[in-house]
Amino acid sequence: MEHLETIQSRLRPELAAMNEIIHKTLATDNALMNEVVTAYLKTKGKQIRPLMVLLSAKMFGPDCVSDKVLYAAAALEMLHNASLIHDDVVDETELRRGEPTINSLWGNHLAVLVGDYFVSNALAAGIHTGHVSIIRALSDLGKELSLGEIDQICNVRHHDFKESSYMTMIRKKTASLFRNCVRMGAEAVGADPEYFAPMVEYAETLGLCFQIKDDIFDYFSDPVIGKPTGNDLREGKVTLPLLHALEVASESESGEMKSLLLQPSLDNGEIRRLIEFAKSNGGIDYAFSTMRRMQEEASRLLGQYPDSEWKRSFSDIFDFIIARNK
């Protein structure tokens, strides 16, 4: 299996060109906006999503990645970052990627405006591709991201403990981004929608696993991850490990844990009880087995395509998603 860094290195020129497009697109005469945006862009993260746009273009089109592909990747990355900026406001997050968030430094008002600015420029970059289908994909993605967050709020408010509801929510909230990465990359090189449809399904499954793995982090205290244990539970979010435990535990024990979850707030001791309950009832193992099952199903989709270094990179990204520690 290749490391993610190897895949990134292979596409370093394209990633650099894409990031240059993002910087130019977001540049403005407003000194304050420039200061905030420049500081934010200093920490790029792993950029897995635009990386998938580029890989998709390589897999379905010529070896040369065109400006259309680069603008498609830039548009998706800006829309993704807009969602992160807005999420930080909603969740009152103080750190992202080890750096202070915009809302913690400048306040919620400015952070919301910066997020909106990213959305507008994502659409502007999409127009540069000249593909109505890519602009439509960005529009669809914005709607799905919003509805995924609303679904999560509804699940919390209505104490919905069904695994099916959780899967529906993360399919919109997270997997939609991964799905549209492949869709936009393929459309930017004019690939046949019927031909790349299985790959879009593959990417959606990868996105589901990305969110499941992200949720697993909440059950462990690890300074490398930098995410406080039980943070989701403090916000009333019940994720796959705990959902499984509630399903398989005895009726009395499950009922006791549900009573805790019905409370308006939880103290640290109650959160620890819920975490240990999820672990002792096989919730973590179930989450990992779910990801492995999904990976096997996705591998069959990937197997429909001829072998290439880009196909192998897609496969390796799936391994990375499951094995990652942050």
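Coordinates for the structure precede this section.
We now turn to the structure provided with this report. Here the structure is a predicted model, which means the values were calculated and not measured. (Residues numbered from 1 in each chain as written. Predicted model: local features only at pLDDT ≥ 70, side-chain atom pairs only at ≥ 80, totals over all residues. Heavy atoms only, no water.)

1. Quick word on the overall build of the chain
Per the secondary structure count, the chain includes 16 helices and 2 strands. Taken over C-alpha atoms, the radius of gyration comes to 20 Å for the chain, in line with the 20 Å a tight globule of 326 residues would show. C-alpha atoms of the chain, sized along the principal axes, occupy 60 × 50 × 30 Å. In the chain, the share of contacts with a sequence separation of at least 24, taken over all contacts with a separation of at least 6, comes to 76%. For the chain, the exposed area adds up to about 15000 Å²; of that, 52% sits on carbon and sulfur atoms. Side chains of the chain carry 35 positive and 47 negative charges; the gap between the two charge centres is 2 Å. (Helix = DSSP H or I, 4+ residues; strand = E, 2+ residues; numbered from the N terminus. Rg over C-alpha atoms; globule rule 2.2 N^0.38 Å. Contact = heavy atoms within 4.5 Å. Areas by Shrake-Rupley, 256 points an atom, 1.4 Å probe, with all protein chains shown as cover. Lys, Arg positive; Asp, Glu negative; His and termini not counted. Charge placed at Lys NZ, Arg CZ, Asp CG, Glu CD.)

2. So, unusual backbone geometry
The phi angle at E92 is positive, at roughly 55 degrees, despite the residue not being glycine. Residue position: E92 is located in the loop between α5 (67-91) and β1 (95-96). Looking at E92, the relative accessible area reads 65%, which means it is exposed. If you check the backbone angles, H159 has positive phi at about 50 degrees while not being a glycine. Judged by its relative accessible area of 30%, H159 falls in the partly exposed class. (Buried < 20%, exposed > 50% of the residue type's maximum accessible area, 1.4 Å probe, protein only.)

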